[in-house]
Every structure is written in C-alpha cells, then in structure tokens.
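Letter by letter, the chains look like this.
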Amino acid sequence: MTSGNEMQIDVDRRDDLVVASPVGEIDLARSPSLRSRLGELLGEKPPRLIIDLSKVPYMDSSGVATLVEALQVSRSKNSTLVLAGMQDRVRSVFEIARLDTVFTIVADTATAIRDGS
Amino acid sequence: MAGMGGSPSGGRTGHREAGMSDAPSLMRLELVSQPELLAPVRAMLTSLSERLGFDEVETGHLALAVDEALANVIRHGYDGATDGRIWISARVVDEPTRRLQIEIEDQGRQIDPAMIRPRDLDDVRPGGLGVHLMREVTDSCEFERRTPAGMRLVLEKSIPTSRSPGRRDNKAGTPENGTP
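Residues numbered from 1 in each chain as written. Chains lettered and ligands numbered in written order. Predicted model: local features only at pLDDT ≥ 70, side-chain atom pairs only at ≥ 80, totals over all residues. Heavy atoms only, no water.

## Brief notes about the overall build of chain A
Then, number 1: Scanning chain A for helices and strands turns up four helices and five strands.
Then, number 2: Expressed as a percentage of the 117 residues in chain A, the buried residues total 55%.
Then, number 3: A total of about 5000 Å² of accessible surface is found on chain A, and carbon and sulfur atoms cover 43% of it. (Helix = DSSP H or I, 4+ residues; strand = E, 2+ residues; numbered from the N terminus. Buried < 20%, exposed > 50% of the residue type's maximum accessible area, 1.4 Å probe, protein only. Areas by Shrake-Rupley, 256 points an atom, 1.4 Å probe, with all protein chains shown as cover.)

## Regarding the layout of surface pockets
Then, number 1: The computed volume of the largest pocket comes to approximately 760 Å³.
Then, number 2: Lining the largest pocket are 38 residues; nearest its centre among them are Ala71, Asn72, Arg75, His76 and Val131 of chain B.
Then, number 3: Secondary structure elements with two or more residues in the lining of the largest pocket: α1 (31-43) and α2 (61-76) of chain A together with α2 (56-77), β3 (99-106), α3 (130-137) and β5 (151-158) of chain B.
Then, number 4: It is α2 of chain B that provides the largest number of residues to the lining of the largest pocket, a total of eight residues.
Then, number 5: Of the residues belonging to the lining of the largest pocket, the class tally is 18 nonpolar, eleven polar and nine charged. (1 Å grid on protein atoms, 1.4 Å probe; cavity = no way out; pocket = protein on both sides within 12 Å on 5 of 7 lines; lining within 4 Å. Points joined across faces, edges and corners; volume = space filled by probe spheres on them. Nonpolar A, V, L, I, M, F, W, Y, C, P; charged D, E, K, R; others polar.)

## Notes on the environment of Gly128 of chain B
Then, number 1: With respect to the element layout, Gly128 of chain B can be found in the loop between β3 and α3.
Then, number 2: Between the C-alpha atom of Gly128 of chain B and that of Asn72 of chain B, which follows or precedes it by 56 residues, the distance is 9.7 Å.

## Thoughts on the packing of helix α1 (residues 38-52) of chain B against α2 of chain B
All names here are of chain B.
Then, number 1: Between α1 and α2, the least distance of the axes is 9 Å, while the angle of their chain directions is 145°. Considering the relative orientation of α1 and α2, their crossing is right-handed. Seen from α1, the contacting residues are Leu38, Val41, Arg42, Leu45, Thr46, Ser49 and Glu50; seen from α2, they are Thr59, Leu62, Ala63, Val66, Asp67, Leu70, Ala71 and Ile74. (Axes fitted to C-alpha atoms, helices over the stretch in contact; angles between N-to-C directions. Left-handed = near helix turned anticlockwise from the far one by under 90°. Contact = heavy atoms within 4.5 Å.)

## Concerning the sheet that holds strand β4 (residues 80-84) of chain A
Residue and element names in this part refer to chain A.
Then, number 1: With mixed pairing, the five strands of this open sheet are ordered in space as β1-β2-β3-β4-β5. Lying at the two open borders of the sheet, with one neighbouring strand each, are β1 (8-14) and β5 (104-106). Strand-to-strand twist across the sheet, computed as the mean angle between neighbouring axes with direction ignored, equals 25°.
Then, number 2: Taken together, the five bridges between strand β3 (residues 48-52) and β4 define a ladder with parallel strand orientation. In the strand pairing of β4, Leu49 is matched with Leu81.
Then, number 3: The strands that α1 touches are β1, β2 (17-23) and β3; relative to β1, the one it contacts most, it runs at about 15°. (Pairing = 2+ DSSP bridges.)

## Structural notes on α2 of chain A
Residue and element names in this part refer to chain A.
Then, number 1: Taking 1.5 Å per residue as the helical rise, α2 with its 16 residues ought to reach 22 Å, and the 23 Å between its terminal C-alpha atoms agrees with that figure.
Then, number 2: Among all positions of α2, only Ser61, Ser62, Gly63, Val64, Ala65, Thr66, Leu67, Val68, Ala70, Leu71 and Ser74 are buried.
Then, number 3: Where α2 terminates, the next one or two residues include Asn78, which has phi positive at roughly 55°. (Expected span 1.5 Å × (residues − 1).)

## A few points about the nonpolar core
Then, number 1: If you look at the biggest cluster of nonpolar residues, it comprises 71 residues, and the most contacted ones within it are Leu67, Leu83, Phe94 and Phe103 of chain A together with Ile102 and Ile104 of chain B.
Then, number 2: For this core, the leading source of residues is α2 of chain B, giving nine residues.
Then, number 3: Dropping the residues within four chain positions of it, Ile102 of chain B is found in contact with Leu45, Leu62, Val66, Ile88, Ser89, Ala90, Leu153, Val154 and Leu155 of chain B.
Then, number 4: One finds Leu17, Ile50, Val82 and Ala84 of chain A within the second-largest nonpolar core, a separate group that totals seven residues. (Core = buried A, V, L, I, M, F, W, Y, C linked by side-chain atoms within 4.5 Å.)

## Looking at the sheet that holds β3 of chain B
Residues and elements named next belong to chain B.
Then, number 1: Taking strand neighbours across the sheet as the criterion, the five strands line up as β1-β2-β3-β5-β4 in an open arrangement whose pairing is antiparallel. Bordering the open sheet on either side are β1 (25-32) and β4 (140-145), each of which pairs with just one other strand. Each strand of the sheet is rotated relative to its neighbour by a mean of 15°, with strand direction disregarded.
Then, number 2: Sitting on the sheet, α3 touches β4 and β5, and the angle it makes with β4 is about 130°.

## Examining the pairing of β4 of chain A
Residues and elements named next belong to chain A.
Then, number 1: Counting buried residues along β4, four of its five residues qualify, which places the element largely inside the surrounding structure.
Then, number 2: The parallel pair β3 and β4, bridged by α2, forms a crossover whose chirality is right-handed.
Then, number 3: In terms of strand pairing, β4 meets β5 through three bridges, oriented parallel. Within β5, the position partnered with Val82 by the bridge is Thr104. (Right-handed = clockwise from strand over helix to strand, strands pointing away.)

Purely geometric stuff here, so don't read any function into it on its own.
Structural data, given as structure tokens:
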C-alpha cells in the first residue's frame, strides 16, 4: 500500500504570513508528508507561519513531533509559528504531552491573523 | 488481516503469559508493519470500544494508545520495515474488575522492558512521547519480551459500568469519522 500517505495541505500566502492547513488525520503514515511540506514553507522564512488545524480531527505523537520540530526550525529562522483551530481531541494530546504551553495556540486562524500572534 | 497464523501465541492454547487472562478473544488481527494500516485499526478499535460501553473520550484514548503501540513496533521493533508481523487481540476480563485487555505482539527487536520509560517532558524535543501517551490514557501498560522473539505489550482499560455522556474533556484519539 502506498496511496493515502500524502497529506493534503492547503497553503495561503498573505503579505507577511503563510497559512498552512493540513486536512485529515495525522499519524505515522502521514506525518512525513506534513514534515516535508512544513520544512519547505519554513525554508521561505515567512515572518509568521500559521498552521490551521481545524480540519485535523486526530493526531498522534508522530504528528506532535513534527510540529515540535517545526517550532524549533521556526525559532532558528526567526519566524513565529502559531497553531490555530485545534480540535478538542488534538488539543488533548498536546495537554497530555504538556506541550500546550510551549506552542502559541489560538482559537482560529482569523484570530491569529487579527492579533498578529 | 484476520487470523493469527504464525503467531507464537498460537491462540493461547499453550502456556499463559504473565498478566494475560483466560478470557477468550473478542477479536484477533494479524497485520503487517505498514503505517497505512494504523487508520483502519483505529477505526476498528473505536467501533469495538463503543460497543463495549466506553464513552467518546475513553474510546479515543484506546485508539490513541493502540496507535502509539503499533507505531512503536513499526518504527523501533521493525526499524520501518513493512513486512514485519504484528498481532493484536482484544478480550474482556471480568476479574477483579471488568476491563478491556488489548495485547500487541511482534517479532521485532527485543528491548529490556525496564528501559521503556516515558521521557522527561520538560525536555521539549521531537519524538519520545508515545510511551508517555500510552501510560496516560490507559489503566495499565505492560511490556515484556516474547519467546523466542519480539515484544508483547498488554494494555488495559476499565470498562465503565455506565456511560458518562457528560464528560466532554480530554478527547484525544477519535478517528476522523467519529466526530459526533
């Protein structure tokens, strides 16, 4: 089986920010695809990268690890990384991993854009 | 995917492993070590858990725990090889308390169970969270070496005597089609 591993990630570029919106469950099969795409986007050194998680109903530790790595890369490039629209189930994983205070997490993408998070 | 062909447990007609119950399996699966199979296994576990009376939160936790266990086997037990064998069985144990027991076996690399520990969460870095998540969302999470090869993990979670629909917090792990 090789199909279904590519994560759909919609990208919206605006002025000084990039909004990346992965769609679907993020697990060991799909996190490499997410990691690769986020790496590309961070390579553009956007001042802000907002990851819209509103269409991600499930994430396991491989997805969390991917976002931790993205956070570290963003800091090294002086980019601000924001997680937006996190569903309760996904937020729970971040809470259990005690990462909810490590990331900047906002209610939705509109809030992130408006507040300049 | 069904069946236990090749499983050294052999359907548990032989000796009993430590911590395992005599209760018959509700479900047995054999799968290969391909990440693509995590999603269908989560869906199956979710459906089984719901039928057993777990609420939405606990169902999600069980799916997450099994997902993390399988991911560990694929990544560490089989080093990412996609032709390794993994066996999953689920049973209900009634004594001393009613609980769902999920056993995951493989033929991959063995490791001293004492070395399988959650990492320090204050050390923020990618990876190493799987064991912590498994322990947090289950009542019991026990690793042991299998004979002659591989590892065995037994996860347990108490089955609620009644549903508690009021609990809406901490919803990790429900597959994408499980959103109410």
